[in-house]
Amino acid sequence: MFEKYVTRKILDLFIIINIENNQCYEVNEDTYNFITLFKEDKKLLIQKYQLSSNEADKLAIEILGELNGTSNY
Amino acid sequence: MEHQIIRERALNEKKLVTASIEITEKCNLSCKHCYCHSQREDLAYNDIITIIDKLYDLGVFYLTFSGGEVFTHPDFGKIYLYAKRKGFIITILSNATLISNKMKEMLKKYKPELISISVYGIDEQEYIYFTGKNSYNKLKENLDFFKENQINFRLKTVLTKDSYQSAINHDYEKLANKYDTDMTYDPIIFGNKDRNNTSLNQRLTAKEIVNIEKTFSDSLGYWQPRISSCSSESCIKCGSGISSVSIDSKGIARICSLYIQDGIDFLSNKNEEIIHFLQQSHYQMQNNFTQSQCYKCNKKSICKWCSAYAYLEHQQPQNSIDFFCQLADERIKEFGYEYKTSHV
């Protein structure tokens, strides 16, 4: 589920990419930071946001699930 | 925001956002027109990974893998997956005749944005005659695979003496239609990069190119407004070196793969030095243009002259190219009714 999503900052845009189908989603900085940290250092994310591992997963799933259908690319 | 807007913004803001890497010079075909097959080497896997990392740090988003033939590179699968996981939007240039089952599975799961496929014949006989290899059925098998698996691809071909009849009969178009995709044509062949100009034997005359162009219904709509509005004030816009970079199979970065007179070692130089070099090279290319015989010519937006072409043609980046002048004249003669009447 999470492996297929990658975050990139391009120019001043915060983008989440689904690398399976190349769909790109513009998100706000907070969402970008959350997903980036979730992928790169989940332990730090849990600490920073004071979440359990399950809560972090649920939030990430919610964010990524909401992206569907919002791509203009 | 769409990809085109990102590209335009990158150009306006002078930010690198597009790159191509020639990962190998090797090719499994021996096409008659090919301009780059005198030396055949792979770019090493570790060097490619370093290049990808540097491009990532530079903010590049759109990455093209080219060759030679990319699928001859023994590590292409690993390289492709690495770049995908870094979040690049990837285009692959290929002849699509050499794709392993393992690679197909990877392309199916991690789709490229586009595979741009060169086609050199509309049947087995024509393909073998031009490429020297019996790979036409392999090509068709792979096109079927791409279509079945919704992997985005487009076809392209170079117009040559050998493909003239098929092109004028729209046989390439019919092939593309069969796969619900587009066919684009590159009308001009250049001399080999190693200065061995044997590939020019395959170049069509300006008249022959226009003969093909006039069989396409949209040619008049494309050329007539350009001819009507052409003047010496028209500007040739190019983002090479500003928002895009091309890296060859020796790790040399240039503003464009065709602008071969100027390059910098991408691996050993710092990113700031590379950016500085590319911008200087871009401005040199623009200077070549403003100091060229073509700068004041009314027809420059019709011939599509550029400094890279001039250097490839006769190793002089500011000279006009007779062949391009002939092509502009032929286009004006065929499509330029308004131009002719308003300039009498």
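The structure under discussion appears in the preceding block.
Please read all numbers here as calculations on a predicted model, not as lab measurements. Starting afresh in each chain, residues are numbered from 1 along the sequence in its written order. Chain letters start at A and ligand numbers start at 1, both assigned in the order the entries are written. At least 70 in pLDDT is required for a residue's local features to be given in this predicted model, at least 80 for side-chain atom pairs to be given and counted, and no such filter applies to totals for whole chains, interfaces and linings, which use all residues. Here the side-chain values reflect all heavy atoms present in the structure, with hydrogen atoms and water set aside.

1. Observations regarding the overall build of chain A
- Within chain A one finds 3 helices and 3 strands.
- Secondary structure of chain A in N-to-C order comes out as β-β-β-α-α-α.
- Taken over C-alpha atoms, the radius of gyration is set against a globule rule of 2.2 Å times the number of residues to the power 0.38. For 73 residues, the compact-globule estimate of 2.2 N^0.38 gives 11 Å, and chain A sits close to it at 12 Å.
- For chain A, the C-alpha atoms occupy an extent of roughly 35 × 25 × 15 Å along the three principal directions.
- Across the 73 residues that make up chain A, the buried fraction comes to 45%.
- Restricting to contacts in chain A with at least 6 residues of sequence separation, those with at least 24 account for 40%. What counts as a helix is a DSSP run of H or I of at least four residues, what counts as a strand is a run of E of at least two, and both are numbered from the N terminus. Per-residue accessibility, obtained with a 1.4 Å probe over protein chains only, is compared with the maximum for each type, and a residue is labelled buried under 20%, exposed over 50%, and partly exposed between these values. Only heavy atoms matter for contacts: two residues are in contact if any of them lie within 4.5 Å across the pair.

2. Digging into the sheet that holds strand β2 (residues 13-18) of chain A
Residue and element names in this part refer to chain A.
- Read across the sheet, 3 strands follow the order β1-β2-β3 without closing on themselves; strand pairing throughout is antiparallel. Lying at the two open borders of the sheet, with one neighbouring strand each, are β1 (5-10) and β3 (23-27). If you compare each strand with its neighbour and ignore which way they point, the axes differ by 30° on average.
- At least two DSSP bridges between two strands are needed for those strands to be called paired. Relative to β3, β2 runs antiparallel, the two sharing 5 bridges. Across the sheet, residue F14 finds its bridge partner in β3, namely V27. Angles run from 0 to 180 degrees between N-to-C directions of axes, and those axes are lines fitted to C-alpha atoms, restricted for helices to the stretch in contact.

3. What to know about the packing of helix α2 (residues 45-58) of chain B against helix α11 (residues 271-290) of chain B
Residues and elements named next belong to chain B.
- Viewed as axis vectors pointing N to C, α2 and α11 meet at an angle of 75°, and their least axial separation amounts to 11 Å. Between α2 and α11, the angle falls in the class roughly perpendicular. Along the contact surface, α2 presents K54, D57 and L58, while α11 presents N271, I274 and I275.
- Here the contact of α2 with α11 is composed, by residue class, of 3 nonpolar, 1 polar and 2 charged. For classification, angles of less than 35 degrees are called roughly parallel, those exceeding 145 degrees roughly antiparallel, those between 65 and 115 degrees roughly perpendicular, and all remaining angles oblique. Throughout, the ten residues Ala, Val, Leu, Ile, Met, Phe, Trp, Tyr, Cys and Pro are labelled nonpolar, Asp, Glu, Lys and Arg are labelled charged, and all others, Gly among them, are labelled polar.

4. Topic: the sheet that holds strand β1 (residues 18-22) of chain B
All names here are of chain B.
- An order of β6-β5-β4-β3-β2-β1-β7-β8-β9 is seen for the 9 strands of this open sheet, with the pairing classed as mixed. Looking at the sheet topology across the chains shown, the edges are occupied by β6 (183-186) and β9 (264-265).
- Of the strand pairs in this sheet, strand β8 (residues 252-254) and β9 are connected by 2 bridges, and their pairing is antiparallel. In the strand pairing of β9, A253 is matched with I264.

5. Overview of the interface of chain A and chain B
- Listed as interface residues are 17 residues of chain A and, on the opposing side, 24 residues of chain B.
- Throughout, the accessible surface (probe 1.4 Å) given up by two parts as they are put together, summed over both, is called the buried area. Taking both sides of the interface into account, the surface hidden between chain A and chain B amounts to around 1,800 Å²; carbon and sulfur atoms contribute 56%.
- One speaks of a salt bridge when a side-chain nitrogen belonging to Lys or Arg is within 4 Å of a carboxyl oxygen belonging to Asp or Glu. Taken together, the links from chain A to chain B amount to 2 salt bridges.
- For B:R9, the salt bridge is made with A:D12, and the minimal N-O distance between the two is 2.7 Å.
- Counting residues per element, the side of chain A that touches chain B draws most heavily on β1(A), at 4 residues.
- Partitioning the side of chain A that touches chain B into residue classes produces 9 nonpolar, 3 polar and 5 charged.

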